[in-house]
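Observations on the three-dimensional arrangement
Spelled out from the first residue to the last, the chains are:
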Amino acid sequence: MAPRTEEELLSYGVMDPAMVDALARYPVRDPQPTDPYFGDYSHAAHRAHRATTLREKHHLRKVPGPIPEEVSEEDRKIPVRDGAEIAVRIYRPVKKPKEGSPLVVMYHEGGWSMGDLSDEETNCRLFSRDLGAVCVNVEYRLAPEHPFPTWIDDSWDALKWAAANATSLGADPSLGFIIGGGSAGGNITAVLAHIARDEKLDPPVTGQYLCVPAIMLLTPPTLISPRYRGEYLSHPDVTTNVDPVLKITCGAEFAENMHNNLRASWSDPRVVPFQYGAQKNGHRDLPPAYFQICGLDPLRDEGLIYERVLREEADVKTKVDVYKGFGHYFWTNWPQLDQSKVFVEDTIRGVKWLLEQKP
């Protein structure tokens, strides 16, 4: 399959009329005097505002809250390598499938410095209810309080814990062992797929769900191989970013965040999973991958390039859904949109596809 053309890629970035209307009618609100963090410009205040504005829309989600008659939820603390403990939430179908439950481990979004268990709770409830899965929702520690490599170390430790305790959790990984997440969580997922392969995790991961994933982390175009550079158009240094959620104006802005907030480097594959391609095993022998990509998203093309590399160069099975004209995490910021409902249904179908893939 030939690379996607410039015309095709640019067409993805034309804002859909429904997105235009949503921005006019339901703009992402700025902090108000009634918010306790109003006038505070710290990272903690930014984190609190993100959580507040998303929480205000929870009632519009496909599953707005717990569904105890269908899915049980249990909070636990699990140990990680430095002696600390992190939170996980375990979701189980109340009516256990006769054939058993696959295992799904999810990692939330938030730029490695924001977010919590609430960000992936809808997916976990749906995977448990509709796919019969046991889900483990992981709350890894956040930067800047816990800079790199804390988030990936916590996430890997949680994945090993889930694998070791699958039976006691009520899961059968032979029916499927999926890892997934969105944005930063998609980045973590892509990294863990490589680590799990290299460390020979047992039982093995059988699928990866990569939702609007950060694969190159806006690596400067000049540092991208010329063979992919012609497809790397959504980078804000190449095409003006009009995404209404991920409002990054230039690569230097994100570079400053990486250096000051995350303490991470583009050269480390545990930060930039695309870098695994230059290592001995490359991207070969990874589990099948399901991608959801948004047309306005500045991360769009790094996800699309990665999908093509997996499929064409590494012989990895892939499935991809592209949402032309819609922005990063539009389905949580505007859950009332018809396309948001389509997105959530596609998520379930995509993870079901992962469960159906055979080695």
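Report on the accompanying structure.

Scoring rules and cut-offs
Residues numbered from 1 in each chain as written. Predicted model: local features only at pLDDT ≥ 70, side-chain atom pairs only at ≥ 80, totals over all residues. Heavy atoms only, no water. Helix = DSSP H or I, 4+ residues; strand = E, 2+ residues; numbered from the N terminus. Rg over C-alpha atoms; globule rule 2.2 N^0.38 Å. Buried < 20%, exposed > 50% of the residue type's maximum accessible area, 1.4 Å probe, protein only. Contact = heavy atoms within 4.5 Å. Areas by Shrake-Rupley, 256 points an atom, 1.4 Å probe, with all protein chains shown as cover. Lys, Arg positive; Asp, Glu negative; His and termini not counted. Charge placed at Lys NZ, Arg CZ, Asp CG, Glu CD. Phe/Tyr/Trp six-rings, centres within 6.5 Å; stacked < 30°, edge-to-face > 60°. Lys NZ or Arg CZ within 6 Å of the ring centre and 35° of its normal. Pairing = 2+ DSSP bridges. Axes fitted to C-alpha atoms, helices over the stretch in contact; angles between N-to-C directions. Core = buried A, V, L, I, M, F, W, Y, C linked by side-chain atoms within 4.5 Å. Salt bridge = Lys/Arg side-chain N within 4 Å of Asp/Glu carboxyl O.

What follows is about the overall build of the protein. In terms of helices and strands, the protein carries 12 helices and 8 strands. Against the compact-globule benchmark of 21 Å for 359 residues, the protein has a radius of gyration of 19 Å, which places it among compact chains. For the protein, the spread of C-alpha atoms along the principal axes amounts to about 55 × 50 × 40 Å. A total of 359 residues make up the protein; the buried ones form 57% of that total. Taking all contacts inside the protein whose residues are at least 6 apart in sequence as the whole, residues at least 24 apart take part in 75%. Carbon together with sulfur atoms contributes 53% to the accessible area of the protein, which is approximately 15,400 Å² in total. The centroid of the 40 positive side-chain charges in the protein is displaced by 4 Å from the centroid of its 51 negative side-chain charges.

For the peptide bond that leads from Ala 143 to Pro 144, omega is 0°, which places it in the cis range. Following the sequence through the fold, Pro 144 ends up in the loop between strand E4 (134-139) and helix H5 (150-164). In this structure, the amide linkage connecting Phe 148 to the following residue, Pro 149, adopts the cis form with an omega of 10°. The topology assignment puts Pro 149 in the loop between E4 and H5. Located in the positive-phi region is Lys 200, a residue other than glycine, with phi close to 55°.

Below, the discussion takes up the packing of aromatic side chains. Overall, the coordinates contain 13 aromatic pairs when judged by the stated rule. Residues Tyr 228 and Phe 274 carry aromatic rings whose centres are separated by 5.5 Å and whose planes lie at 80° to one another, so their mutual orientation is edge-to-face. Residue Tyr 228 is located in helix H8 (residues 226-229), and its partner Phe 274 is located in the loop between helix H9 (251-262) and strand E7 (289-294); the two are separated by 46 residues in the primary sequence. Exposure class is identical for Tyr 228 and Phe 274. Each is buried. Between Tyr 323 and Phe 343 the ring centres are 4.7 Å apart and the planes differ by 45°, which places this aromatic pair in the tilted class. With a gap of 20 residues between them, Tyr 323 in strand E8 (residues 318-323) and Phe 343 in helix H12 (residues 338-356) connect regions that are remote in the sequence. Each member of the pair, Tyr 323 as well as Phe 343, carries the same accessibility label: buried. The structure contains a cluster of three or more aromatic residues connected by ring pairs, namely Tyr 323, Phe 326, Tyr 329, Phe 330, Trp 331 and Phe 343. Against the face of Trp 334 rests Lys 57, its NZ or CZ located 5.8 Å from the ring centre.

The subject of this paragraph is the sheet that holds E4. The 8 strands are arranged E1-E2-E4-E3-E5-E6-E7-E8 in an open sheet whose pairing can be described as mixed. The sheet is open, and its two edges are formed by strand E1 (71-79) and E8, each paired on a single side. The average undirected angle you get between the axes of adjacent strands in this sheet is 15°. In this sheet, E4 lies alongside strand E3 (residues 103-107) in parallel orientation, the contact comprising 5 bridges. When the bridges of E4 are listed, Val 105 appears paired with Val 136. Running over the sheet, H5 touches E1, strand E2 (85-93), E3, E4 and strand E5 (177-182) and is turned about 165° from E3. Contacting E5, strand E6 (207-211), E7 and E8, H12 crosses the sheet at an angle of about 165° to E7.

So, about the nonpolar core. The biggest cluster of nonpolar side chains holds 73 residues, and the ones touching the most others in it are Val 105, Trp 151 and Leu 159. Setting aside residues up to four positions removed in sequence, Val 105 forms contacts with Val 136, Val 138, Leu 159, Ala 162, Phe 177, Ile 178, Ile 179 and Gly 180.

Our focus in this paragraph is the pattern of salt bridges. A side chain with one charge can pair with a side chain of the opposite charge if their charged atoms come near. Scanning the model with the defined rule gives 31 salt bridges in all. For the salt bridge of Arg 311 with Glu 312, the shortest nitrogen-to-oxygen distance reads 3.3 Å. Owing to a relative accessible area of 32%, Glu 312 belongs among the partly exposed residues under this scheme. The residue Arg 349 makes a salt bridge to Asp 346 at a minimum N-O spacing of 2.7 Å. Residue Arg 349 and its partner Asp 346 are located together in helix H12, separated by 3 residues, close to a single helical turn. We classify Arg 349 as partly exposed; its relative accessible area is 47%. Judged by its relative accessible area of 11%, Asp 346 is buried. A single salt-bridge network, built from bridges that share partners, covers Arg 4, Glu 231, Glu 307, Arg 308, Arg 311 and Glu 312.

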